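Summary of the model geometry
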Amino acid sequence: MMAQPQVLDTQKSPEEILAFWLDELGPANWYKAEAALDRRIRDGFLATWQKAQDGAYSLWLTYPSGALAYVILNDQMPRNMFRDEGRAFASDRQALAAAKAAIDKGWDMRIDPPARQFFYLPLMHSECLTDQDRCVRLMHDRLPGQGDNLRHARAHREVIRQFGRFPYRNDALTRHSTALEVKFLDGGGYDALLKTLNEAEAA
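Here is a short report on the structure shown in this document. All residue numbers refer to position in the chain's written sequence, counted from 1. Reporting in this predicted model follows two pLDDT cut-offs: at least 70 for local features of residues, and 80 or more for side-chain atom pairs to be given and counted; totals over whole chains, interfaces and linings ignore these cut-offs and use all residues. Calculation of side-chain values draws on the structure's entire complement of heavy atoms; hydrogens and water are dropped beforehand.

1. Some thoughts on the packing of aromatic side chains
Aromatic contacts are taken between Phe, Tyr and Trp rings whose centres are within 6.5 Å, Trp giving its six-membered ring; a plane angle under 30 degrees counts as stacked, one over 60 as edge-to-face, and the others as tilted. A complete count under the given rule lists eight aromatic pairs for this structure. Between Y57 and W60 the ring centres are 4.3 Å apart and the planes differ by 25°, which places this aromatic pair in the stacked class. The pair Y57 / W60 is uniform in exposure class, with both members buried. Placement of a charge over a ring requires the Lys NZ or Arg CZ to be within 6 Å of the ring centre, with the centre-to-atom vector within 35 degrees of the ring normal. The ring of F45 has K12 sitting right over it, with the charged end atom 5.4 Å from the ring centre. Of note, K105 hangs over the ring of W107, and the distance from its end group to the ring centre comes to 5.1 Å. Any residue under 20% of the maximum accessible area for its type is buried, any over 50% is exposed, and the rest in between are partly exposed; the area is computed with a 1.4 Å probe on protein chains only.

The structure is reproduced here in structure tokens:
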């Protein structure tokens, strides 16, 4: 009888996720839109993300660093793995629920900055104004000295205030853009809004 080929287990542990995201990549690479980086994350973590969509890893949500790894896996990594696709937002609800539960337990304060921000980003990514307001408060109160994060939180909130959703997701999610959203996007979209808010803050 022929020996069966060995199937490697490609699923990652919370420790492996945090070591890769926080230490190996680090702040300089967290928000890069780079095809090589997207492919690296997809090759390394897609199987783990898919398993999470099947309901796995509930034990990760029983301690702070596990919850942080779960949030990064479901909120940050899909934005790299599925850039410009609707799947980039497929696990946002899971990440948001996990982040809110961790924040309510005070676990965010047991994670040092700048990694602490990842508990707040699912609220920033939410198309709910209440979540946006809470994100701004958390960035202001619990991440002192992280001014860029606060500015981005305020900019995201302003988009939701104006449109009730993020117009730059419309194509990926096959949503119809309104005339006002098209005008916003044609006028520079998020980057233009962020610049305007920064200029107003500096004035």
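2. A word on the packing of helix α3 (residues 64–81) against helix α4 (residues 92–104)
Relative to each other, α3 and α4 sit at 150°, their axes nearing to 9 Å. When the axis of α3 is compared with that of α4, the two are roughly antiparallel. Like other packed secondary-structure pairs, α3 and α4 cross with a definite hand, here left-handed. Contact residues: α3 offers A67, Y70, V71, N74, D75 and R79, while α4 offers D92, Q94, A95, A98, A99 and A102. Only Asp, Glu, Lys and Arg are considered charged in this grouping, and only Ala, Val, Leu, Ile, Met, Phe, Trp, Tyr, Cys and Pro are considered nonpolar; every other residue, Gly among them, is considered polar. The residue makeup of the contact of α3 with α4, split by class, is seven nonpolar, two polar and three charged. For every element, the axis is a line fit to its C-alpha atoms; helices are fit only across the contacting stretch, and the angle between N-to-C directions ranges from 0 to 180 degrees. Numbered from the N terminus, helices here are DSSP runs of H or I no shorter than four residues, and strands are runs of E no shorter than two. With respect to orientation, any angle under 35 degrees is reported as roughly parallel, any angle over 145 as roughly antiparallel, any angle of 65 to 115 as roughly perpendicular, and every other angle as oblique. Should the near helix be turned anticlockwise from the far one by less than a right angle, the crossing is left-handed, and should it be turned clockwise, the crossing is right-handed. When checking whether two residues touch, look at their non-hydrogen atoms; a contact exists if any pair is within 4.5 Å.

3. A few points about the environment of V71
Relative to the assigned elements, V71 resides in helix α3. Overall, the relative accessible area of 1% leaves V71 in the buried class. Spatially, the C-alpha atom of V71 lies 19 Å from that of H152, the residues being 81 residues apart in sequence. If we ignore the near neighbours within four places in the chain, the residues touching V71 are Q76, A95, A98, A99, F118, F119 and P122.

4. Let's talk about the pattern of salt bridges
One speaks of a salt bridge when a side-chain nitrogen belonging to Lys or Arg is within 4 Å of a carboxyl oxygen belonging to Asp or Glu. Applying the stated criterion to the full structure yields 15 salt bridges. Across the salt bridge formed by R79 and D92, the nearest N and O atoms sit 2.9 Å from each other. You can see R79 sitting in helix α3 and its partner D92 sitting in helix α4, a full 13 residues away along the chain. Neither R79 nor D92 differs from the other in exposure class; each is buried.

5. Some points on α3
An α-helix turns once per 3.6 residues; consequently, residues spaced three or four apart project the same way. An ideal rise of 1.5 Å per residue puts 26 Å on 18 residues; α3 measures up with 25 Å between its terminal C-alpha atoms. Two axes define the bend at a residue: one fitted to the seven residues ending there, one fitted to the seven starting there, and the bend is the angle between them. A bend of about 35° at L73 is the largest found in α3. For α3, the tally of buried residues reaches 17 of 18 residues, placing the bulk of the element in the interior. Take the residue count of a helix, subtract one, and multiply by 1.5 Å to get its expected span.

6. Notes on helix α1 (residues 14–25)
For α1, with 12 residues, the first-to-last C-alpha span of 15 Å sits near the 16 Å given by 1.5 Å per residue. Looking at α1, one finds that the buried residues are P14, I17, L18, F20, W21 and L25. The arc enclosing the buried residues of α1, seen along the axis, measures out at 165°, which places them on a common side. The inward-facing, buried residues of α1 abut α2 (35–53) and α3. In the segment just after α1, G26 is the residue with positive phi, at about 75°. Note that the arc is defined by the directions from the helix axis to the C-beta atoms.

7. So, the side chain of S177
Mapped onto the fold, S177 is located in the loop between α7 (147–163) and α8 (179–186). What qualifies as a polar contact is a pair of N or O atoms within 3.5 Å, subject to a donor-acceptor requirement within protein and to the restriction that residues adjacent in sequence count only when both atoms come from side chains. At 3.0 Å, the side chain of S177 and the side chain of N170 are in polar contact. With residues up to four places along the chain from it excluded, the contact list for S177 reads R165, N170 and V182.

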